[in-house]
Amino acid sequence: MKILVCIKQVPDMESRFKVNADGVWYDERDLAFRMNEYDEYAVEQAVRIKEQLGGAADITILSIGPARVVEAIKKGMAMGGDRGVHVKDDSLAQRDPWQLASTIAAFARSKNFDLIFTGMQSQDRGSTQVGAILAELLGYACATTLIGFELNGDVVTARRELEGGVKAIVRFRLPAVVTCQLGLNTPRYPTLPNIMKVRQKELLAFPVADFLTEESLTITEKMYLPEKKGRARVLEGDVSQLADQLLAILKEKTTVLR
Amino acid sequence: MNQDIFVIIEHLRGQVADISYVMLAAAHELAQNTGGKVEAVLLGQNVQGLAGNLAADQVLSVEHPALADFTSDAYIKAVAGLTVEHQPRAVLFGHTSVGMDVASGLSAHLGLPLVGSVRYFESGGKFVSQICGGKIMAEGELPAPTALITLVPGGYKPEQGQSAQPPQVTQVAAPALDGLRVTLKQYIEPEAGDVDIAKEPLLIAVGRGIQTQDNISLADDLAQALGGVVCASRPVVDQGWLPTSRLVGKSGKAVKPKVYLAIGISGAPEHAEAITGSNVIVAINTDAAAPIFNIAKYGTITDLFDLVPVLTDKVREAKGG
């Protein structure tokens, strides 16, 4: 079983974001980057499938981006990936989902992956598009927003989210691209011995030009922080004063304290 | 190419989803700019009854057994056929798990540009979308020739997309829908809980900031003192610290309490869209840039672990005294 896991490295979402000088992406300076949370579930599910198959699977962890993304690839390898692929691209921020998906498709096309996992969305751009576009480009079955995954031979039975708490069970055959929702599993922490083993694993690097031939389809003209006009009235004071103010608000707005 | 705006109506088991009306409202705004018509696209089987209150110039209805339940394969093929034939200026989908799927597949299928997470259109026709969990807005011209859009709720009211006047419905033959790769086997209903948070007037909501399962008791104590009910955002429920019936958000319930007290919740779009019906939102969070402060009426930039126990004590005092 050949498995590809596509991951992204994103900033810590608690960061204070600023728009960069070009005005079309966030300023990446002073941000701490980590593996996209949704992708942790994707790596974990791939490793679980390998375990289920008694090790008879080969897992490639792929990420596109500048040198910093190698750290996320190594984490994926420490979680159980067999090999890393770094598609080197210093202009990641300017790529639209169409370009990213077609880059991955160009890499994956000749390699006959049985199963491709990725996160349901990235925490920064949040397009949710890359997995579904990739599936369509490769002609693979596609199931998104998965919260349950079972493989039996070459048939997958998966649980996907629909809307308003309703879920559905879907069934499809490999090859397939699936996108993972939070809660699909419990991603493992890499252990120290597994972190040490990463050094013995293969880490390939390719310039993005090897795979990227598509122009972007969408253009963002400018980015800005949301307007502050609708912002909350921020209460001031020490903890006791804050509690008093909250109590007054609760009294005014509800009947419970009257 | 024409200047019409297509809206892919989302419905689940006999009910039109609110996002469909929101899209129709957005489509009218956009159509004023392009000078085209608003056409609602209704895919399914036996769905004529759903067309009645759609605010559209025309409803294009495609009926086929393969469209009875949602699978992206069948929906992509059906929408692709209509898009190629009519070449509308834009096709709107809900930014829902279903809409995102179909829009992405269609984008690849036809090589058309797709802009996700659009919140509204400016009067000049530019899109305004959001990234980084709502912390940054992105703006641009509607891409050509046909722009695929996924729309998030919040920019328009569902009522703006409803009409008392039933629209004209035109039946369109379905394209060949064979070779489908994914089948839908079964729906799973939402878990029924001990309380229905959608009906509760006072909700104490906890998010990632609560950090551990043991700390949930801080919210429990406050809720008990106030006579409110505890609910949560996704990370807390994913950890199993509270049951799914207490999940507020896109994948859980939409709520409309008198007071929504958000403790350690950042207010990512998936959560924010489900609490906008609240009368008053009060937020406690250490991150001053958290998007929750954009929708809250009152906020304190304080550590919840300092503030919540003191608040609970004061509530008890106020009630006991």
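Residues numbered from 1 in each chain as written. Chains lettered and ligands numbered in written order. Predicted model: local features only at pLDDT ≥ 70, side-chain atom pairs only at ≥ 80, totals over all residues. Heavy atoms only, no water.

Facing the 86 residues of chain B at the interface are 78 residues of chain A. A buried area of about 7000 Å², summed over both sides, lies between chain B and chain A, and 60% of it is on carbon and sulfur atoms. Between chain B and chain A we count seven salt bridges in total. Close ionic contact of E139 of chain B with K222 of chain A constitutes a salt bridge, the shortest N to O distance being 3.9 Å. At the boundary of chain B and chain A, one finds 34 residue pairs in polar contact (both at pLDDT 80 or more). By residue number, the principal contributor to the side of chain B that touches chain A is helix α3 (residues 97-110) of chain B, which donates nine residues. Split by residue class, the side of chain B that touches chain A holds 42 nonpolar, 23 polar and 21 charged. Examined bridge by bridge, strand β13 (residues 233-234) of chain A and strand β17 (residues 298-300) of chain B share two bridges and lie parallel to one another. (Contact = heavy atoms within 4.5 Å. Buried area = accessible area lost by both parts, 1.4 Å probe. Salt bridge = Lys/Arg side-chain N within 4 Å of Asp/Glu carboxyl O. Polar contact = N/O pair within 3.5 Å; in protein donor to acceptor, adjacent residues only side chain to side chain. Helix = DSSP H or I, 4+ residues; strand = E, 2+ residues; numbered from the N terminus. Nonpolar A, V, L, I, M, F, W, Y, C, P; charged D, E, K, R; others polar. Pairing = 2+ DSSP bridges.)

This part is about the confidence of the model for chain B. Per-residue pLDDT for chain B has a mean of 93; in total, 99% of the residues score no lower than 70. Interface confidence for the predicted complex, given as ipTM, is 0.91, next to a pTM of 0.91. (pLDDT = per-residue confidence, 0-100.)

The next subject is the environment of R89 of chain B. For R89 of chain B, the location among the structural elements is in the loop between α2 (72-86) and β6 (90-94). Each C-alpha atom of the pair R89 of chain B and D196 of chain B lies 42 Å from the other, and the pair is 107 residues apart in sequence.

What follows covers the pattern of salt bridges. Using the criterion set out here, one finds 28 salt bridges over all chains in the structure. For R48 of chain A, the salt bridge is made with E44 of chain A, and the minimal N-O distance between the two is 2.6 Å. Taken together, the positions of R48 of chain A and E44 of chain A, both in helix α1 (residues 37-52) and four residues apart, correspond to about one turn of that helix. For R48 of chain A, a relative accessible area of 34% puts it in the partly exposed group. K126 of chain B serves as the salt-bridge partner of E221 of chain A, at 3.0 Å between the closest nitrogen and oxygen. You can see E221 of chain A sitting in the loop between β11 (202-207) and β12 (222-224) and its partner K126 of chain B sitting in the loop between β7 (114-121) and β8 (127-131), one on each of two chains. Judged by relative accessible area, which is 35%, E221 of chain A ranks as partly exposed. A cluster of three or more residues bridged by salt bridges with shared partners is formed by E44, R48, E51 and R188 of chain A. (Buried < 20%, exposed > 50% of the residue type's maximum accessible area, 1.4 Å probe, protein only.)

Moving on, we get to the sheet that holds strand β15 (residues 259-263) of chain B. Strand order in the open sheet formed by six strands is β13(A)-β17(B)-β16(B)-β15(B)-β13(B)-β14(B), with parallel pairing between adjacent strands. The open sheet terminates on both sides in strands that have one partner only, identified here as β13 of chain A together with β14 (229-232) of chain B. In this sheet, β15 of chain B lies alongside strand β13 (residues 202-206) of chain B in parallel orientation, the contact comprising five bridges. Bridged to A205 of chain B within β15 of chain B is A262 of chain B.

By size, the foremost hydrophobic cluster in this structure holds 71 residues, and its most contacted members are I3, V5, F117, F149 and F172 of chain A together with F93 of chain B. Once residues within four sequence positions are removed from consideration, F93 of chain B is found in contact with I8, M23, V79, G99, V102, A103, L106, L148, I149, T150 and L151 of chain B. Counting residues in each nonpolar core, the second largest holds 36 residues, with L242 of chain A together with A232, V282 and L307 of chain B among its members. (Core = buried A, V, L, I, M, F, W, Y, C linked by side-chain atoms within 4.5 Å.)

This part covers the environment of G153 of chain A. Residue and element names in this part refer to chain A. Inspection of the secondary structure assignment puts G153 in the loop between β7 (141-152) and β8 (155-161). Judged by its relative accessible area of 61%, G153 is exposed. In this structure, the C-alpha to C-alpha distance between G153 and H86, residues 67 residues apart in sequence, is 30 Å.

All names here are of chain A. Taken N-terminus to C-terminus, the directions of α1 and helix α2 (residues 70-79) make an angle of 30°; their axes are 9 Å apart at the nearest point. Between α1 and α2, the crossing angle belongs to the class labelled roughly parallel. In the packing of α1 onto α2, the handedness of the crossing is right-handed. Side by side, α1 and α2 meet where E40, V43, E44 and V47 of the first sit next to K75, G76 and M79 of the second. (Axes fitted to C-alpha atoms, helices over the stretch in contact; angles between N-to-C directions. Parallel < 35°, antiparallel > 145°, perpendicular 65-115°, else oblique. Left-handed = near helix turned anticlockwise from the far one by under 90°.)

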